[in-house]
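Remarks on the overall topology
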Amino acid sequence: MSSLALAKAPAPRAASRSPAAGLSPRRAEHSGAELGAAQETQSRSVDLSRVISLLQGSGSMNLEKEQLKALKKVVKRFEAGLPLKDLAQVMDVVNLCADKVDEHEAFTEPLCQLIRLCGLPFLKKKFSDEMSYSETASKCIAQLGYLMRVPSSRVRTEICQCVVSFYDTEPPRRLQPGYQPTSASYKVQMAELGGLAETLVLSLALVEKQLLEKLWVLRALQLLSSSGANCRLMLKAQAASRLCLHLGDADPSGLLLLRSSDILCSLLENTSGEEVVQQLSSLECVYALKEVFVELLLRGSGRAERQLRNDLLVLASLLAAGAAAPMLESGFAKLLVVLATFTEAKIPSPLLKGLGVTNSPEDFEMKKLLFNVIGVLSAAPCAVQLLHDSDVMPALLSYVRPHHKPGAPDWSAAQYEDLQLHAMAVLASVAPVLVEKFLSCQANTLLLLFLEWCLGQDTFCGQGNSFHARGGRGSKLAQMRYGLRVLRSVVALCHGGVSLSLCAQGAVSQLLDLLKYAADKSKEQEDAILLEIQADLLFLLSALCDSDLHRKELFSPEGVDLLIPFLQMDPRKIQNGVGHSHLLFTALDCLWSCVLGCPAAEDSFLQRQGIGLLLDLLALKQKDLCNTILSILVEFCDNPKTTSHISSWRGEKEQTAGSLLLELWRQEELELGVRRDPWGRIVDMKQPMAGSLQRQQEVLPLPANCPSFAIVEVSENTRAKLYCLFCKLGFGALPGLSAQDFVTLAIVQRYLDFKVAEVWSELCEELKEEFKLVRPDEEALRVISEGSEGIGRMVAAVQAEVLENQQQEEIQEEERTYARIKATQKQREMVTRSWESFVARTSNYKALKKVRRLQEKSVEAPRLKPKPQTEAAHSAVRKGLGGTPGAARLAAVGSTPGLTGRTLPAADLALGEPSAAKGALNKTSRTKRLGGGNRGAAAAQ
């Protein structure tokens, strides 16, 4: 027994005023003596140190009476509650009193009274007392658990009642002056801190044969198990196995089973559950659980007993998931399987004779729990034979029928829908492990008929009230969802019999009809259920059509038309977490399996601009998406029509496919940590393609059948696929590439050479580790290494030339741009001067006159120009003409070669009257002057 530190109580203060004042000396002396005796008695009653010393003594009967008397005084003193400051000494008194119970029965009563005081709220003077005395309080409460060693039924019962009182939230009726009660949850917290729950679990071994004491201990543990910390302490003391082994103990009241099962459920809820299952996995615990379950199953007529039966069934489900072997050895698993299917399969069993299952909520819950047990057992390999030998498959398939109720109780419509969907969910787990029985029961035919009913237009409407019926209210979507799940579970096995049976019954065309129906529904209201249905349908089509040309031809062209909208998905939906990402990947998988390899399907996909949609998705630059799309594009390039579609694609800002692929290459190398300079050129000539992880990897000798790191790296990134795609497209006819793209393209073009060099480098390192090379081999390896480095230097030179050409082009473009800027600036200056001149002419009359004079000079200047002597004046007037060709009557005509040196006769110069010619000339001159003046005025305006 651990003892607590003893704190000496302070002595009582002396009275400030004597009560005997004013009396006679004799009366005063007598009264003073009585007062002193009273004070001495009071001091003795509160002096816990003296009480402890008194209890430590032993011997005479008088001493025992004194001890009992002192204990009564302690009880009287603290009847309102125990102060936190006196708690340690009080618990020392309790422990000393408990030690004397074995020898003297008289100490039982004061011990029970002291324990009862511990059930009252502790008292504090200051708010900080709860924190200050927390360690003392937790140790004192822990001492209550240790007191269970006392062989007294009354003491043990009182201890449990004290623990139960910790959860009483009613305030105390009496309070000691100067003190306040602690908070309502203070004792509960101190019980967790002191480990009281673990001690009480260990005490179950002491009260194993005392039913009343055991029930009280279970009641205390039932309250303590509401805390996760207490549950962990209880599991530390093996509480689960201790309780389970004694579930079937005799108890007329039924409280033992009720409280034990409640504690076990609390342990499952408040802990991880794995340790609980581990403690219950022994064969003895499973047998005990089975016996109690059978007893409740046969005689459980009340609602409480049926609920308790279902609680034990939950425990059995967890045991079947964590430890199926003991469930099989005990026969409990077989019993549960028979119970789950006896209403559908009509199995004759003596145990089930007279067993009635009603449509009550408890029996309905039991039916679903039994279905759940079947699903759990299907995951255990040791239980497959049990499921095969039973009628699990026919019983579950009996629910895969529209509007059909098997021989079960009169379930309501909502209950039957719940059981139907639950049975199909379990069937999706059972069918893959019982494929042969699945086929022998014609399950494929039942499922296809069921899915056909889901497309029908009858009056059935789902209730949508259960977990499995989510999203199916007013429709058959829930039934369609779980029917497709069952098909998906068996088709995913790639079993030839399943695929052949389905395709022989027209599954491909039926699945396409379902996909069209789900896609149309999704346009109206898109939710997670419809997305899951479409993804399952695409998966089924992929699995059925893969590697079968005839089925691919059945898929096209209707299937291609249905695939196109999935590839046109809004990129913002891919990352919303609803299921669009999964749907897109299943659509790409369906494209790979159902279109590639079939020329008709490929041509149909190309005609619908499918390659452009793939490149649009590739432009999103999402890692997982790019990996899949690049694989599809590489395979598509085997079709000669694909190259033109890729070359003609344009993305944002007119980006070409080649530029996009090279951008993806640079992004991949950035993630791998490949060393490149700021312009993208090769830095390391020995390992130009190695990433950071590959450089850190040490070269170790490996077996011939084990690939090296350079080979494994090829499948771990997309560079190999990009290289294959460029090999299909060609390296010389890629439009829309920048200088940076050409720098990257030089590396891509030599990818295979660089990978071969990496393999040779690893081979050299391995040979040097294992062998001493002879000179010819060493020389050969040196030549290979130098050749690899030479390729790297050659690529670096090409990259440098590309960058130099780019720099020259940039300089020339800069000069052209500067010339354009200069010409533009000069034009702006001329426009500015013209505007300034115009403003000056309109606002300054002198400037306007100056411009007018300049205009007149410019008009008269050609007239004043002297004529050459070799020219002669000829009349422009000819006889017989009604008009003249110009405004002037005379024209200057040069002499012909034959007339050089002589002048024309005067008759040729004057064809009309001299006066008329002169007047016409004067008129023409005047008209020209007036016209010039008008044009000058117009220019000034």
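Going by the structure above, here's the rest.
One structure accompanies this document, and this report is about it. (Residues numbered from 1 in each chain as written. Predicted model: local features only at pLDDT ≥ 70, side-chain atom pairs only at ≥ 80, totals over all residues. Heavy atoms only, no water.)

**Here's the deal with the overall build of the chain**
Assigned secondary structure in the chain consists of 46 helices and 4 strands. By the burial criterion, 43% of the 941 residues in the chain qualify as buried. A fraction of 75% describes how many contacts in the chain between residues 6 or more apart in sequence connect residues 24 or more apart. (Helix = DSSP H or I, 4+ residues; strand = E, 2+ residues; numbered from the N terminus. Buried < 20%, exposed > 50% of the residue type's maximum accessible area, 1.4 Å probe, protein only. Contact = heavy atoms within 4.5 Å.)

**Here we look at the side chain of glutamine 222**
Position of glutamine 222 relative to the elements: it lies in helix 11 (residues 211-224). The exposure class assigned to glutamine 222 is buried, which follows from its relative accessible area of 18%. Sequence-distant contacts of glutamine 222, defined by excluding residues within four places in its chain, comprise Arg259, Asp262 and Ile263.

**A look at the packing of helix 11 against helix 14 (residues 255-270)**
For the pair helix 11 and helix 14, the least separation of the axes is 9 Å and the interaxial angle reads 25 degrees. Between helix 11 and helix 14, the crossing angle belongs to the class labelled roughly parallel. Pair helix 11 / helix 14 crosses with left-handed handedness. Of the residues in helix 14, those in contact with Lys214, Leu215, Trp216, Leu218, Arg219, Leu221 and Gln222 of helix 11 are Leu255, Leu256, Arg259, Ser260, Asp262 and Ile263. In terms of residue class, the contact of helix 11 with helix 14 is built from 7 nonpolar, 2 polar and 4 charged. (Axes fitted to C-alpha atoms, helices over the stretch in contact; angles between N-to-C directions. Parallel < 35°, antiparallel > 145°, perpendicular 65-115°, else oblique. Left-handed = near helix turned anticlockwise from the far one by under 90°. Nonpolar A, V, L, I, M, F, W, Y, C, P; charged D, E, K, R; others polar.)

**Some points on the nonpolar core**
By size, the foremost hydrophobic cluster in this structure holds 241 residues, and its most contacted members are Leu267, Phe555, Phe605, Leu614 and Leu618. Ignoring anything within four residues of it in the chain, the contact list for leucine 267 reads Cys231, Met234, Leu235, Ala239, Ala240 and Val276. (Core = buried A, V, L, I, M, F, W, Y, C linked by side-chain atoms within 4.5 Å.)

**Side note on empty space enclosed by the protein**
According to the stated counting rule, one finds 4 cavities of 30 Å³ or more in the structure shown. Around the largest cavity sit Lys621, Gln622, Lys623, Cys626, Leu630, Leu664, Gln667, Glu668, Glu671 and Thr718, which together line it. At the level of elements, helix 35 (623-636) and helix 37 (657-672) are the ones that each hand at least two residues to the lining of the largest cavity. At 4 residues, helix 37 tops the list of elements feeding residues into the lining of the largest cavity. Counted by class, the lining of the largest cavity contains 3 nonpolar, 3 polar and 4 charged residues. (1 Å grid on protein atoms, 1.4 Å probe; cavity = no way out; pocket = protein on both sides within 12 Å on 5 of 7 lines; lining within 4 Å. Points joined across faces, edges and corners; volume = space filled by probe spheres on them.)

**Considering the packing of aromatic side chains**
In this structure the tally under the stated criterion is 12 aromatic pairs. Both rings, one in phenylalanine 726 and one in phenylalanine 731, keep their centres 6.1 Å apart while their planes meet at 15 degrees; by these two values the pair is stacked. Ring centres 5.7 Å apart and planes at 35 degrees place the aromatic pair tryptophan 835 and phenylalanine 838 in the tilted group. Here the residue tryptophan 835 and the residue phenylalanine 838 both occupy positions in helix 43 (residues 775-843), the gap between them amounting to 3 residues, near one helical turn. Its relative accessible area of 29% is what places phenylalanine 838 among the partly exposed residues. Counting every residue linked through ring pairs, the aromatic cluster contains Trp665, Tyr723, Phe726, Phe731 and Tyr751. In this structure, lysine 187 is placed above the aromatic ring of phenylalanine 122, and the distance from its NZ or CZ to the ring centre is 4.4 Å. Cation over ring: lysine 476 sits above tryptophan 453, and NZ or CZ is 4.6 Å from the ring centre. (Phe/Tyr/Trp six-rings, centres within 6.5 Å; stacked < 30°, edge-to-face > 60°. Lys NZ or Arg CZ within 6 Å of the ring centre and 35° of its normal.)

Any link to function would need more than the numbers given here.
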